Amino acid sequence: MSSGSPLLAELIEALRCLPGVGGKSAQRMAFHLLERERERGLKLAAALEQAMQRIGHCSQCRNFSEEPLCSLCASSSRDRQVLCVVESPTDLAAIEQATGYRGQYFVLMGRLSPLDGLGPEELGLAQLTQRLGEGEIEEMIIATNPTVEGEATAHYLAQLARAGGVRPTRLAHGVPLGGELEYVDRSTLAHAFGSRQLLD
Ligand SMILES: [Zn+2]
């Protein structure tokens, strides 16, 4: 792609792993770092290395965590009778920021999508079933995105909840169909969350 530096070519190729970054953007990023941001580029490299090596998943909620149990799951001030199921850590963050929710979470790290090879196993649903079976949880708030796959996932989750004797609820209308929770404004999300409805 560019002149004689194999390291530069390697950097450009590596940057292309980022979502939405094609060859041209990757080249621009690499040049920018080399020309103007050497120091912060080194910080980025160090942070990336640490994060990639040390961040795993919480054994209880599957969110990213450096500890076996994340701070949210370990907290004694969270309500253990309500479990909110989300597709991704960004959805969890959006709910934490927009609502006063004080219960626990379960992060699917995806949604049911057979074409992409994402089934119940990949989403940790055996783990979720086990948790529902422990008898502590009374309500499961299903906060998957209102997309086709998100709705199919919600349907599946509601069945799991009922089978475990847990009440499944779903965020109310307001989150636009086909929308992703992370892009919905705070007050809309707070309202949809607050006026969630029993699924039947
Ligand atoms: Zn956790």
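Position numbers for residues count from 1 along each chain, tracking the sequence in the order it is written. Since the coordinates come from a predicted model, pLDDT governs what is reported: local features require at least 70, and pairs of side-chain atoms require 80 or more to be given and counted, while whole-chain, interface and lining totals use all residues. To obtain the side-chain values, all non-hydrogen atoms of the structure were included, while hydrogens and water were left out.

(A) Spotlight on the nonpolar core. Side-chain atoms within 4.5 Å are what join buried Ala, Val, Leu, Ile, Met, Phe, Trp, Tyr and Cys residues into a set we call a nonpolar core. Throughout this description, buried means an accessible area under 20% of the type-specific maximum (1.4 Å probe, protein chains only), exposed means over 50%, and partly exposed covers the range between. Judged by nonpolar contacts, the single largest core of 23 residues is most densely connected at Cys84, Val86, Ile95, Tyr101, Tyr105, Leu171 and Leu189. The way it works is that DSSP assigns letters per residue, a run of H or I at least four long becomes a helix, a run of E at least two long becomes a strand, and they are numbered from the N terminus. Secondary-structure elements contributing two or more residues to this core are α4 (71-74), β3 (82-86), α5 (89-98), β4 (104-107) and α8 (186-194). With 4 residues, α5 is the single largest residue contributor to this core. Here, residues are in contact when the closest pair of their heavy atoms is within 4.5 Å. Excluding anything up to four places from it in sequence, Ile95 contacts Cys84, Val86, Tyr101, Tyr105, Ala143, Leu181, Leu189 and Phe193. Val85, Leu128, Ile137 and Ala154 belong to the second largest nonpolar core, which has 18 residues in total.

(B) A look at unusual backbone geometry. Of note, Arg62 is a non-glycine position whose phi angle comes to about 75°, a positive value. Tracing the backbone through its elements, the reader meets Arg62 in the loop between β1 (56-57) and β2 (64-65). Among the residues examined, Arg62 registers a relative accessible area of 15% and is labelled buried. At Met109, a position not held by glycine, the phi torsion is positive, near 60°. Tracing the backbone shows Met109 in the loop between β4 and α6 (125-133).

(C) Spatial organisation of the coordination of the zinc ion. On the protein side, the zinc ion has Cys58 (SG), Cys61 (SG), Cys70 (SG) and Cys73 (SG) as donor atoms, found 2.3 Å from it. Each of the 4 donor atoms around the zinc ion contributes to a set of angles spanning 107 to 116°, which defines the coordination as tetrahedral. Atoms are scored as donors when they are N, O or S and lie within 2.8 Å of the metal, with 3.2 Å used for Na, K and Ca; no water is included, so coordination may look incomplete. When the donor residues of the zinc ion are listed from N- to C-terminus, their spacing reads C-x2-C-x8-C-x2-C. With Cys61 in the loop between β1 and β2 and Cys73 in helix α4, this residue pair connects regions lying 12 residues apart in the sequence. Each member of the pair Cys61 and Cys73 is classed as buried. A four-donor site is classed as tetrahedral when every donor-metal-donor angle falls between 85 and 135 degrees; four donors are called square planar, and six octahedral, when trans pairs exceed 155 degrees and all remaining angles lie between 65 and 115, with any other arrangement labelled irregular.

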